[in-house]
Amino acid sequence: MKPSSLLVVDDEINNRDILSRRLQRSGYRVATAHDGKTALEMIEQAPSSFDLVLLDQMMPGLTGLDVLRLLRGAYSPERLPVIMVTALNDSDHIVQALDLGANDYVTKPLDFPVVLARVRSQLARSAAEAALRESEQRYALAATGANDGLWDWNVQTGRVYYSPRWKAMLGFSEDEIGGSIDEFLQRVPEPDRTEVWTAIQSHWQTPGGAPYEQEHRMRHKDGTFRWVLCRGAAVHDPLTHAVVRMAGSVTDITERKVFDALTGLPNRLLFDDRLNRALDMAGLTPGQLFALFFIDLDRFKLVNDSLGHVAGDQLLREVAQRLQQVVGGGPLETIARLGGDEFAAIVHGLRSPADAAAIADRILQTLRSPFLIDGKPVFCTASIGIALSDFHYHTAQEFLRDADIAMYSAKAQGKGRSVLFDAAMRDRAVARLELETALQSALESGQFAVFYQPKVHLTSGQIVGFEALIRWLHPERGIIPPIDFISIAEDDGLIVPIGAWVLEESCRQLKAWTVRYPSDRPLTISVNVSPRQFRDPGLVASVRHAIAQAGIEPSQLALELTEGVLFDDLPAAICVLKELRQLGVGLKIDDFGTGYSGLSYLSRLPFDTLKIDRSFTVNLTENDNNGQMIRTILEMAHNLGMQVVAEGIELREQADRLRQLGCEFGQGYYFAKPMPADEAERLLIT
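Remember, predicted model here, so these are calculated numbers, not experimental data. (Residues numbered from 1 in each chain as written. Predicted model: local features only at pLDDT ≥ 70, side-chain atom pairs only at ≥ 80, totals over all residues. Heavy atoms only, no water.)

Undergrad: Give a detailed account of the sheet that holds strand β7 (residues 159-162), specifying residues and quantitative values.
TA: Strands pair in a sheet through their backbones, by hydrogen bonds, and they do so in one of two ways: parallel or antiparallel. Read across the sheet, 5 strands follow the order β7-β6-β10-β9-β8 without closing on themselves; strand pairing throughout is antiparallel. On the outer flanks of this sheet lie β7 and β8 (212-219), each paired with one strand and no other. When strand polarity is set aside, the average angle formed by the axes of neighbouring strands in this sheet is 25°. By the bridge criterion, 8 bridges tie β8 to strand β9 (residues 225-236) in an arrangement that is antiparallel. Within β9, the residue paired with Gln-214 across the bridge is Cys-230. Strands in contact with helix α8 (residues 192-204) are β6 (149-154), β8, β9 and β10 (243-252); relative to β8, the strand with the most contacts, it is inclined by about 155°. (Pairing = 2+ DSSP bridges. Helix = DSSP H or I, 4+ residues; strand = E, 2+ residues; numbered from the N terminus. Axes fitted to C-alpha atoms, helices over the stretch in contact; angles between N-to-C directions. Contact = heavy atoms within 4.5 Å.)

Undergrad: Could you give an account of empty space enclosed by the protein, naming the residues involved and the relevant values?
TA: Under the criterion given, the structure shown has 2 cavities of 30 Å³ or more. By volume, the largest cavity amounts to about 70 Å³. Forming the walls of the largest cavity are Trp-151, Trp-153, Tyr-162, Trp-166, Ile-181, Phe-184, Ile-200, Tyr-212, Cys-230 and Val-250. Classifying every residue of the lining of the largest cavity by side-chain character gives 10 nonpolar, no polar and no charged. Of the volumes computed, that of the second largest cavity is approximately 50 Å³. (1 Å grid on protein atoms, 1.4 Å probe; cavity = no way out; pocket = protein on both sides within 12 Å on 5 of 7 lines; lining within 4 Å. Points joined across faces, edges and corners; volume = space filled by probe spheres on them. Nonpolar A, V, L, I, M, F, W, Y, C, P; charged D, E, K, R; others polar.)

Undergrad: Please provide a residue-by-residue account of the packing of helix α17 (residues 495-516) against helix α19 (residues 539-550), values included.
TA: Running from amino to carboxyl end, α17 crosses α19 at an angle of 25°, the nearest separation of the two axes being 9 Å. The angle between α17 and α19 places the two elements in the roughly parallel class. Read as a crossing pair, α17 and α19 show a hand that is right-handed. Judged by residue contacts, Ala-500, Leu-503, Glu-504, Cys-507, Arg-508 and Lys-511 of α17 engage Ser-542, Val-543, His-545, Ala-546, Gln-549 and Ala-550 from α19. Considering only residue class, the contact of α17 with α19 consists of 6 nonpolar, 3 polar and 3 charged. (Parallel < 35°, antiparallel > 145°, perpendicular 65-115°, else oblique. Left-handed = near helix turned anticlockwise from the far one by under 90°.)

Undergrad: Can you tell me about unusual backbone geometry, naming the residues and giving the values?
TA: Omega for the bond connecting Lys-108 with Pro-109 falls within 30 degrees of zero, at -5°, which places this linkage in the cis form. For Pro-109, the location among the structural elements is in the loop between β5 (104-107) and α5 (112-145). Note the cis peptide between Glu-190 and Pro-191, where omega equals 0°. Phi at Asp-374 takes a positive value of approximately 55°, unusual for a residue other than glycine.

Undergrad: I'd like a rundown of helix α14 (residues 396-412), residues and numbers included.
TA: A rise of 1.5 Å per residue sets the reference length of α14, with its 17 residues, at 24 Å; its end C-alpha atoms lie 24 Å apart and thus fit the reference within 8%. Along α14, the residues classified as buried are Ala-396, Phe-399, Leu-400, Asp-402, Ala-403, Ile-405, Ala-406, Met-407, Ser-409, Ala-410 and Lys-411. Next to the buried residues of α14 lie α10 (268-282), β11 (289-297), β12 (334-339), β16 (382-388), β17 (418-420) and α15 (423-442). One or two positions beyond α14, positive phi appears at Gly-414, with a value near 120°. (Expected span 1.5 Å × (residues − 1). Buried < 20%, exposed > 50% of the residue type's maximum accessible area, 1.4 Å probe, protein only.)

Undergrad: Can you tell me about the nonpolar core, naming the residues and giving the values?
TA: Leu-557, Leu-559 and Leu-610 are the most contacted members of the largest nonpolar core, which has 78 residues in total. Ile-335, Val-347, Leu-367 and Ala-382 belong to the second-largest nonpolar core, a separate cluster that totals 35 residues. (Core = buried A, V, L, I, M, F, W, Y, C linked by side-chain atoms within 4.5 Å.)

Undergrad: Could you give me a rundown of the packing of aromatic side chains, with the residues and numbers involved?
TA: Working definition: an aromatic ring pair is given by the centre-to-centre distance plus the angle between the planes. A full pass over the atoms with the stated rule returns 13 aromatic pairs. Residues Tyr-452 and Phe-466 carry aromatic rings whose centres are separated by 6.3 Å and whose planes lie at 85° to one another, so their mutual orientation is edge-to-face. Taken as a pair, Tyr-452 in strand β18 (residues 448-457) and Phe-466 in strand β19 (residues 463-474) lie far apart in primary sequence, 14 residues in all. Seen from their ring centres, Trp-472 and Phe-485 are 5.6 Å apart, and the 85° between their planes marks the pair as edge-to-face. Taken together, the positions of Trp-472 in strand β19 and Phe-485 in the loop between β20 (478-480) and α16 (486-492) put the pair 13 residues apart, joining distant regions of the chain. Each of the two residues, Trp-472 as well as Phe-485, counts as buried. (Phe/Tyr/Trp six-rings, centres within 6.5 Å; stacked < 30°, edge-to-face > 60°.)

Undergrad: Outline the sheet that holds strand β4 (residues 82-86), supporting the account with residue identities and numerical values.
TA: An order of β2-β1-β3-β4-β5 is seen for the 5 strands of this open sheet, with the pairing classed as parallel. Strands at the two margins of the open sheet, each flanked by one partner only, are β2 (29-33) and β5. The sheet shows a mean angle of 20° between the axes of neighbouring strands, direction not considered. Across the sheet, helix α3 (residues 64-72) touches β3 (52-56) and β4, and the angle it forms with β4 is around 175°.

Undergrad: An account of the environment of Arg-165 is requested, with residue identities and associated values reported.
TA: Take Arg-165: it is sitting in helix α6 (residues 164-169). For the pair Arg-165 and Gly-149, spaced 16 residues apart in sequence, the C-alpha separation works out to 4.8 Å. For Arg-165, the residues in contact, after removing those within four places along its chain, are Asp-148 and Gly-149.

Undergrad: Go over the packing of α10 against α14, please, and point to the residues and values.
TA: Look at α10 against α14: their axes get within 9 Å of each other, and the N-to-C directions meet at 105°. The angle between α10 and α14 falls in the class roughly perpendicular. Counted together, Arg-268, Phe-271, Asp-272, Leu-275, Asn-276 and Leu-279 of α10 and Ala-396, Gln-397, Phe-399 and Leu-400 of α14 form the full contact between these two elements.

Undergrad: An account of the environment of Arg-22 is requested, with residue identities and associated values reported.
TA: The residue Arg-22 is located in helix α1 (residues 13-25) in this model. Each C-alpha atom, one on Arg-22 and one on Glu-183, is 46 Å from the other, the two residues being 161 residues apart in sequence.

Undergrad: Tell me about the pairing of strand β1 (residues 5-9), and please be specific about residues and values.
TA: Within β1, 5 of the 5 residues are buried, which leaves it mostly tucked inside the rest of the structure. Side chains of β1 alternate between two faces, with Ser-5, Leu-7 and Val-9 and Leu-6 and Val-8 buried alike. Both β1 and β2 contribute to a ladder of 5 bridges, which runs parallel. Residue pairing across strands places Val-8 opposite Thr-32, the latter belonging to β2. In this view, the connection linking β1 to its parallel neighbour β2 by way of α1 has right-handed handedness. Note: β1 against β3, 4 bridges, orientation parallel. (Right-handed = clockwise from strand over helix to strand, strands pointing away.)

So yeah, pure geometry; function would need other evidence.
Next up, the structure:
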């Protein structure tokens with residue numbers, strides 16, 4: 001151990017020399033100061049250089065008591081012991097020195113054996129107290145961190161204490177791990193290592209802040225990675241605020257991290273790892289395929305909404321059990337829950353795509369049997385996307401991407417089925433993604449336009465209004481019809497701002513026409529409302545704003561909704577419809593006859609107009625059954641006080657027949673196709 005360092009402060013040179021020589025002969029390192037000011041400067045420049053101060057009480061300028069008072073403002077008696085050296089036998093001065101924080105005192109003339117004894121006593125007490133503080137800090141910090149593998153890092157010396165449990169957690173014995181911080185950091189893989197070091201430095205910069213805590217991977221002796229929760233806290237020097245030590249714990253959280261708590265299946269993290277391993281092994285077994293199945297439950301949200309999340313969780317657990325029965329528990333087979341109602345499976349040893357399709361059929365079949373949830377039978381189907389290893393994937397993400405694309409294709413084809421991925425699907429998915437990306441900026445860059453199709457009074461032939469139909473004027477692809485982008489906007493939520501814009505633009509244009517072409521029967525405008533728009537809480541406010549901004553009468557605006565928009569939540573739909581009716585706008589039910597086709601519910605809904613779907617109109621002159629159906633719809637609508645508009649009129653004969661049946665209004669290519677506002681205005685002039 002290095003010898004203790006002492007500082008002798010005395011204004012008399014003989015006293016300094018004699019005392020310093022005696023102390024040096026006793027094995028101490030000694031520095032001297034001839035006055036109090038010099039002593040304070042020496043201590044301030046090197047605060048950790050002195051273990052004890054021998055301070056003369058009677059000095060010119062700053063007295064010993066003055067120096068003591070200043071030292072105790074910065075250093076505790078434990079941190080820097082001070083022994084007063086005094087020629088005074090006055091007990092009052094001695095008491096004053098002790099009250100100011102002196103650890104002890106000796107009197108002149110000095111009895112050197114007594115001096116040495118008191119120096120040794122104070123140094124021993126100081127060392128014991130420092131060791132106690134260090135021990136208390138170590139165990140207090142470890143308790144704050146966690147109760148698993150412990151570590152204690154002396155930042156100043158660079159040495160780290162790793163507990164036996166810390167080493168065993170990573171597969172090492174007591175003598176296989178050294179005492180440097182690299183033993184820890186080099187076992188953390190990138191990019192985790194950079195994040196760990198950044199987090200530690202951030203913790204150092206906030207003295208007294210929250211404990212350090214981070215989850216990351218650590219390499220085990222066998223080459224695998226374990227997930228750990230590392231926690232700890234740093235100790236800062238009270239004067240310099242520099243970090244002097246940091247201690248804490250490491251807890252193995254691998255089980256919690258890579259297994260799904262609800263089903264006990266591997267989670268996405270572990271599944272990705274196993275899929276990457278399967279890809280690495282694929283080249284070792286030529287001629288054999290393995291398949292990835294992406295499984296998404298159909299209408300699972302309905303179970304949660306109707307039976308509650310507890311029932312939904314029970315259903316997920318039972319689905320997991322059935323999937324395990326089909327896939328099996330072999331060393332190469334894996335079934336995982338990726339999150340929500342999404343599962344995935346890896347199956348090896350396939351000879352052809354037909355083998356994969358057969359497994360998917362078994363999965364679908366086992367899920368078709370009802371599940372008993374809270375004593376009630378619950379039916380559950382799934383959509384399955386299949387991707388095969390013969391596409392030579394490089395990463396798990398690529399493989400999952402294509403299986404996911406195939407799954408969405410299965411959903412689009414009617415759900416409850418499986419679809420095998422092919423390259424054309426990826427091309428369609430990329431094209432959709434490009435369209436989604438372009439759609440994000442289309443509204444801001446003014447690429448949308450409203451086209452108008454006239455609504456005609458079938459008896460007089462007079463134009464009584466228009467239906468507003470959005471078109472996307474793409475700078476490269478030209479006019480994109482709604483069928484190509486409305487579903488995307490609906491999925492992304494962009495339909496809400498797009499729909500609000502269509503409302504405002506249509507009302508603005510209607511106001512301009514109303515001013516230019518006044519009539520006893522003012523023109524009306526019909527605007528379609530999508531399902532996502534209808535569910536938006538701001539719909540009524542958006543309609544009110546569009547009417548007020550344009551300055552039109554509310555009765556000049558009509559909103560068109562399809563039957564399917566209403567029946568996800570009929571009571572809520574009725575409330576919204578009533579709010580809209582209170583504004584004074586018209587309400588049309590669009591495409592009537594193609595959805596629920598129920599007539600009784602119409603009496604409960606505040607619609608004033610019914611639109612007959614074009615599928616009834618197209619074959620009207622050739623199929624009298626269509627005529628009978630239209631007559632029934634007309635009678636029912638008129639009995640409810642509703643007007644009727646027939647859409648899809650393409651021939652004069654269709655218009656004549658509809659007029660004979662009693663239909664008041666019609667629209668279709670026979671009268672005019674949807675057109676820009678300036679072309680539509682020409683129809684009003686003529």
